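Each chain is listed here by its residues.
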Amino acid sequence: AKAAAHVSALARSEITLVSPGDSVLVDIRAFGSNWYAQLDLPGLHTTTYLLEMVYGPWVTPRHRQISVHSPLWDERYNVDNDFVTRYGSFRPSASYAPLPSEVRIDATFCIDHPQVLPASSRQLILSRLRAPTPSEQDEVRS
């Protein structure tokens, strides 16, 4: 009961660890333990899979909720201070290198492991990620 009360109080408190425009790496466990358990990723229980997300505008005037966007997944979520504190406040420096137990989710990872993509937009995202870049299109034309 104490833990639930703590989580509830944290969720209702003002967000102070991040601001609009901050880019963070989020442990994808944040999107649900049941979903995460079904991903069948290598080292599922020993590896931390990190997704880059960018905070957008405040959702509430007292800074108790903020919008966060995944450029890779093109998904937006409104999150509270519980999410920010537990999953979404890690701002890597430019020289940051993932630890051996961390994997940064990028386009190649999503193509190799499409199950991490939101089911509702998986095919659309995969077609966008697999599309040739302008420079690749120029090479084909040459």
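Please refer to the structure higher up on the page.
Cut-offs used in this document
- Residues numbered from 1 in each chain as written.
- Predicted model: local features only at pLDDT ≥ 70, side-chain atom pairs only at ≥ 80, totals over all residues.
- Heavy atoms only, no water.
- Core = buried A, V, L, I, M, F, W, Y, C linked by side-chain atoms within 4.5 Å.
- Buried < 20%, exposed > 50% of the residue type's maximum accessible area, 1.4 Å probe, protein only.
- Helix = DSSP H or I, 4+ residues; strand = E, 2+ residues; numbered from the N terminus.
- Contact = heavy atoms within 4.5 Å.
- Salt bridge = Lys/Arg side-chain N within 4 Å of Asp/Glu carboxyl O.
- Arc of directions from axis to C-beta.

A.B. asks: Sorry, what's going on with the nonpolar core here?
C.D. replies: Taken as a class, soluble globular proteins show a tendency for nonpolar side chains to be buried jointly. Within the largest apolar cluster, 28 residues are counted, with the highest numbers of intra-cluster contacts made by Ile28, Leu41, Tyr55, Trp73, Ile105 and Cys110. Going through the elements one at a time, strand S1 (23-27), strand S2 (48-58), strand S3 (65-70), helix H3 (81-86), helix H4 (107-112) and helix H5 (122-130) are the ones with two or more residues in this core. Tallying contributions element by element places S2 first for this core, with four residues. Not counting chain neighbours up to four residues away, the residues in contact with Leu41 comprise Ile28, Tyr49, Phe109, His113, Gln115 and Val116.

A.B. asks: Looking at this model, I keep getting lost on the pattern of salt bridges. Mind explaining?
C.D. replies: Tallied over the full model, the rule gives three salt bridges. With a closest N to O distance of 3.2 Å, Arg29 and Asp27 form a salt bridge. A salt bridge links Arg86 to Asp82, with the nearest nitrogen and oxygen atoms 2.9 Å apart. With Arg86 and Asp82 both in helix H3, this residue pair falls four residues apart, about one helical turn. Residue classification places Asp82 among the buried residues on the basis of a relative accessible area of 10%.

A.B. asks: Could you clarify how one ought to interpret H5 in this entry?
C.D. replies: Since there are 3.6 residues in each turn of an α-helix, residues three or four apart along the chain are aligned in direction. Within H5, the full set of buried residues consists of Ile125, Leu126 and Leu129. Within H5, the buried residues cover an arc of 100 degrees as seen down the axis, which keeps them to one side. Across H5 from its buried face, at more than 90 degrees, point the exposed residues Gln123 and Leu124. Against H4 lie the buried residues of H5.

A.B. asks: Sorry, what's going on with the environment of Glu75 here?
C.D. replies: Among the secondary structure elements, Glu75 is positioned in strand S4 (residues 75-80). Judged by relative accessible area, which is 18%, Glu75 ranks as buried. Note: C-alpha distance between Glu75 and Pro118 (43 residues apart in sequence) is 8.3 Å.

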